Amino acid sequence: MSSTPVADRSAKESATDVHVPDEELAALVKRQLELIGENPGREGLVKTPARVAASLKWLTRGYDLEVSDVVGDAIFEEQHDNMIMVRDIELYSMCEHHMLPFFGKAHVAYIPNGRIIGLSKLPRVVDVFARRLQVQERMTEQVAQALTDILQPRGVGVVIEAYHLCMMMRGVQKQNSKTITSAVSGVFRDDYKTRDEFLRLAHYNGG
Ligand code: ZN
């Protein structure tokens, strides 16, 4: 099963990709090429169906991941009453309406309630949800909810700002419109000072 390599995948990609290029998916991509008027037999396209299938599976690998898988045992007992934020977490996802990429940054913050999470895990939690077909609004909620579930903190705040290729290269063709979504819970929702601090930190630098 694990030995159907696509010629030009790098060793690094292969090592992290548990999926095999799916022949059925590749066949659909080949058909897609035909339907847009291409010749899948021409030299430049011969390997494209297998590449696209492998790429799509990698870009949607979040379906096979649980938050607990990526967090592991990186939860620590710690008394810390102040806000913890990791900002500018790069994210790449695909919109479920057009299957086109959207990309941008996530700013994730929480105020602990006796438990903290290893900082490097926050980007991984974002990726669990980004690597699927998504709408930005739901992804934002999912990241906030996941942190609430695993940390039971005093509150969580997530802001995601992203550019959607479906807006930029088709439809309204707006190149500079950034979509910003937020999800807050606990003290981030109930205490305006906390929410203010969060939003100020999230937008420091102006994004
Ligand atoms: Zn879209």
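A brief report on the enclosed structure follows. Here the structure is a predicted model, which means the values were calculated and not measured.

We now examine the overall build of the protein. Within the protein, the regular secondary structure consists of nine helices and seven strands. Taking all contacts inside the protein whose residues are at least 6 apart in sequence as the whole, residues at least 24 apart take part in 70%.

Counting buried residues in strand E6 (residues 155-164) gives nine out of 10 residues, a clear majority hidden from the surface. Judged from the 10 bridges that link them, strand E3 (residues 101-111) and E6 form a sheet pairing that is antiparallel. Paired with Val108 across the bridge in E6 is Val158.

Position of Asp127 among the secondary structure elements: in helix H5 (residues 121-130). By relative accessible area, which is 24% here, Asp127 ends up partly exposed. The spacing of Asp127 and Thr60 is 67 residues in sequence and 9.9 Å in space, taken between C-alpha atoms.

Tallying each qualifying case throughout the model produces three aromatic pairs. Look at Phe188 and Phe198: their rings are 5.4 Å apart centre to centre, the planes differ by 75°, and that puts the pair in the edge-to-face class. With Phe188 in helix H8 (residues 187-190) and Phe198 in helix H9 (residues 192-203), the pair connects residues that are 10 residues apart, well separated along the chain. Using a relative accessible area of 0% as the deciding quantity, one classes Phe198 as buried. Feature note: the residues Tyr92, Phe103 and Tyr163 constitute an aromatic cluster, connected by ring pairs.

Once that is clear, we can look at the packing of helix H2 (residues 23-35) against helix H3 (residues 48-59). Packing of H2 against H3 leaves a shortest axis separation of 8 Å and a crossing angle of 120°. Judged by the angle between their axes, H2 and H3 are oblique. For the pair H2 and H3, the sense of crossing is right-handed. Seen from H2, the contacting residues are Leu25, Ala26, Val29, Lys30 and Leu33; seen from H3, they are Thr48, Pro49, Ala50, Val52, Ala53, Leu56 and Lys57. Tallied by class, the residues present in the contact of H2 with H3 amount to nine nonpolar, one polar and two charged.

Let's shift gears to the coordination of the zinc ion. Between any two of four tetrahedral donors, the ideal angle at the metal is 109.5 degrees; between two of six octahedral donors, it is 90 or 180 degrees. Taken together, the protein ligands of the zinc ion are Cys95 (SG), His98 (ND1) and Cys166 (SG), with distances of 2.1 to 2.3 Å. Spacing between the donor residues of the zinc ion along the chain follows C-x2-H-x67-C.

Turning to the packing of H5 against helix H6 (residues 136-151), a few remarks are in order. Interaxial distance between H5 and H6 falls to 9 Å at its minimum, and their mutual angle equals 135°. For the element pair H5 / H6, the angle class is oblique. Note on packing geometry: the crossing formed by H5 with H6 is right-handed. Across the interface between the two elements, Leu122, Val125, Val126, Phe129 and Ala130 of H5 pack against Met139, Gln142, Val143, Ala146 and Leu147 of H6. A per-class count over the contact of H5 with H6 returns nine nonpolar, one polar and no charged.

Once that is clear, we can look at the pattern of salt bridges. According to the stated counting rule, one finds eight salt bridges in the structure shown. A salt bridge links Lys57 to Asp22; the shortest N-O distance between them is 3.5 Å. Placement of the pair is Lys57 in helix H3 and Asp22 in the loop between helix H1 (11-16) and H2, with a sequence separation of 35 residues. What makes Asp22 partly exposed here is its relative accessible area of 27%. Salt-bridge contacts for Asp190 lead to Arg189; the nearest nitrogen and oxygen are separated by 3.3 Å. A single network of salt bridges, built from pairs that share partners, joins Arg87, Asp88 and Lys105.

What counts and what doesn't
Residues numbered from 1 in each chain as written. Predicted model: local features only at pLDDT ≥ 70, side-chain atom pairs only at ≥ 80, totals over all residues. Heavy atoms only, no water. Helix = DSSP H or I, 4+ residues; strand = E, 2+ residues; numbered from the N terminus. Contact = heavy atoms within 4.5 Å. Buried < 20%, exposed > 50% of the residue type's maximum accessible area, 1.4 Å probe, protein only. Pairing = 2+ DSSP bridges. Phe/Tyr/Trp six-rings, centres within 6.5 Å; stacked < 30°, edge-to-face > 60°. Axes fitted to C-alpha atoms, helices over the stretch in contact; angles between N-to-C directions. Parallel < 35°, antiparallel > 145°, perpendicular 65-115°, else oblique. Left-handed = near helix turned anticlockwise from the far one by under 90°. Nonpolar A, V, L, I, M, F, W, Y, C, P; charged D, E, K, R; others polar. Donors = N, O, S within 2.8 Å, 3.2 Å for Na, K, Ca; no water. Salt bridge = Lys/Arg side-chain N within 4 Å of Asp/Glu carboxyl O.

All quantities given are derived from atomic positions and should not be read as evidence of function.
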